[in-house]
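Reading the structure
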Amino acid sequence: MRLTLMISALVTLSVTGAFSQQKKNERPDGNTKREAAQPVAVDDVEFVYEFAQPNFVNRRISIRHGLSGKGRIEIETAESEEILNEELFIPSDFLKRIRDSLNSLAFLDSSTIYQYQKEYPHLGTTTFTYRVGSKSRTVKITYTENPSMKAVLGEYRKLGQQTVWVMQVRTARDMRPLDTPGLMDILEDYLKRNELSDPVGLVPFLEELMDDERLPLIARNKAGRIRDAISRAGRSN
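Attention in this report is confined to the structure presented alongside it. Throughout, a residue's number is its position along its own chain's written sequence, starting from 1. Local features in a predicted model are, by the rule used here, given only for residues with pLDDT of at least 70; side-chain atom pairs are given and counted only at 80 or more, and totals for whole chains, interfaces and linings are based on all residues. Note that water and hydrogens are dropped before the side-chain values are worked out from all heavy atoms of the structure.

With that settled, consider the environment of I226. If you trace the backbone, I226 turns up in helix α6 (residues 217-236). Whether a residue is buried, partly exposed or exposed follows from its accessible area with a 1.4 Å probe, protein chains only, as a fraction of its type maximum: under 20%, in between, or over 50%, in that order. Residue I226 is classed as buried on the basis of its relative accessible area, which comes to 2%. Between the C-alpha atom of I226 and that of L202, which follows or precedes it by 24 residues, the distance is 9.7 Å. In this structure, I226 is in contact with M184, L187, E188, L191 and L206, ignoring residues within four places of it in sequence. Runs of E in the DSSP output that reach at least two residues are strands. Runs of H or I that reach at least four are helices, and both are numbered from the N terminus. Note on contacts: a residue pair is in contact if any heavy atoms of the two residues lie within 4.5 Å.

A few words on the pairing of strand β1 (residues 45-52). When DSSP finds at least two bridges between two strands, those strands are taken to pair. Judged from the eight bridges that link them, β1 and strand β5 (residues 125-132) form a sheet pairing that is antiparallel. Paired with V45 across the bridge in β5 is V132. Relative to strand β2 (residues 58-66), β1 runs antiparallel, the two sharing seven bridges. Bridging across to β2, F47 finds its partner in H65. Linking two consecutive strands that pair antiparallel, namely β1 and β2, is a turn of five residues.

An order of β4-β3-β2-β1-β5-β6 is seen for the six strands of this open sheet, with the pairing classed as antiparallel. For this open sheet the edge positions go to β4 (80-89) and β6 (135-141), each flanked by a neighbour on one side alone. Averaged over all pairs of adjacent strands, the angle between strand axes in this sheet comes to 10 degrees, irrespective of strand direction. Both β2 and strand β3 (residues 70-77) contribute to a ladder of seven bridges, which runs antiparallel. Counterpart to I61 in the pairing with β3 is I75. Against the sheet, helix α3 (residues 147-175) contacts β1, β2, β3, β4, β5 and β6, and its axis sits at roughly 110 degrees relative to β2. Orientation is described by lines fitted to C-alpha atoms, with helices fitted over the stretch in contact, and by angles between N-to-C directions that extend from 0 to 180 degrees.

This paragraph deals with the pattern of salt bridges. Within this document, salt bridges are pairs made up of a side-chain nitrogen of Lys or Arg and a carboxyl oxygen of Asp or Glu, the two lying within 4 Å of each other. Under the definition given, this model contains 22 salt bridges. A salt bridge links K135 to D109; the shortest N-O distance between them is 2.3 Å. Of this pair, K135 sits in strand β6 while D109 is found in the loop between α2 (92-105) and β5, placing the two residues 26 residues apart along the sequence. Taking relative accessible area as the criterion, D109 reaches 60% and is therefore assigned exposed. Note that D179 and R176 form a salt bridge whose closest N and O atoms lie 2.9 Å from each other. Since its relative accessible area comes to 35%, D179 is described here as partly exposed.

For Phe, Tyr and Trp, where Trp contributes only its six-membered ring, two rings pair if their centres lie within 6.5 Å, and the inter-plane angle classes them as stacked under 30 degrees, edge-to-face over 60, or tilted in between. Within this structure, the stated rule accounts for twelve aromatic pairs. Measuring from centroid to centroid gives 6.1 Å for F107 and Y114, while their planes differ by 15 degrees, and the two rings are stacked. With a centroid separation of 6.2 Å and an interplanar angle of 25 degrees, the aromatic rings of Y116 and Y120 are classed as stacked. You can call Y116 partly exposed: its relative accessible area is 24%. An aromatic cluster is built from F47, Y49, F94, F107, Y114, F128, Y130 and Y156, whose rings are joined through pairwise contacts. A ring has a charge above it when a Lys NZ or an Arg CZ is no more than 6 Å from the ring centre and no more than 35 degrees off the ring normal. Stacked on the ring of F107, the Lys or Arg R137 has its end atom at 4.9 Å from the ring centre.

So this is what it looks like as structure tokens:
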């Protein structure tokens, strides 16, 4: 009887040990799967936005950047054959809003058509590409009613508007200072309509303009008024 119990116990321990060893041997496969799901390098993520409408003053605006925030903007205008090309730094808040919207869409894994059932080419065509590693997706849209995609395109539109405005003011300050009061009115309108990507980021530039005696006094005063409005909005938030 005792011998039977001992043999039974040994068999049980042997089976248990083999099962445990089998589970240990299975772990590397699980780890391999988790490693494959690790996020790609920052430099291997890219966002490309392009808006084109040949009949607009700004015929084409192209923005390309990565997760680091470093990027470039290209602008083709009806006023010049020269393509404006400048470095661009994307604020972290902007990147978060874009990624949140893309994640809510499951953009890379989705085949959803965001273009409205009717085309509106007179509004311009927007092309957007998102790439993560070797996986990428590109969509072309003239108009969309999808809230998340509308948010993505809206963010880039605002970024383009703000960047173009800064470039226009810099040019006007050096060559056509009398144009600056009108440009301040445009900025004030953007601010009222929430059409700026990063209003707070404009504050140092506005303060620079406030002290620039090349500008008419009315333009400098407007710059100060807009700076104060942005600061008040920041405190209230």
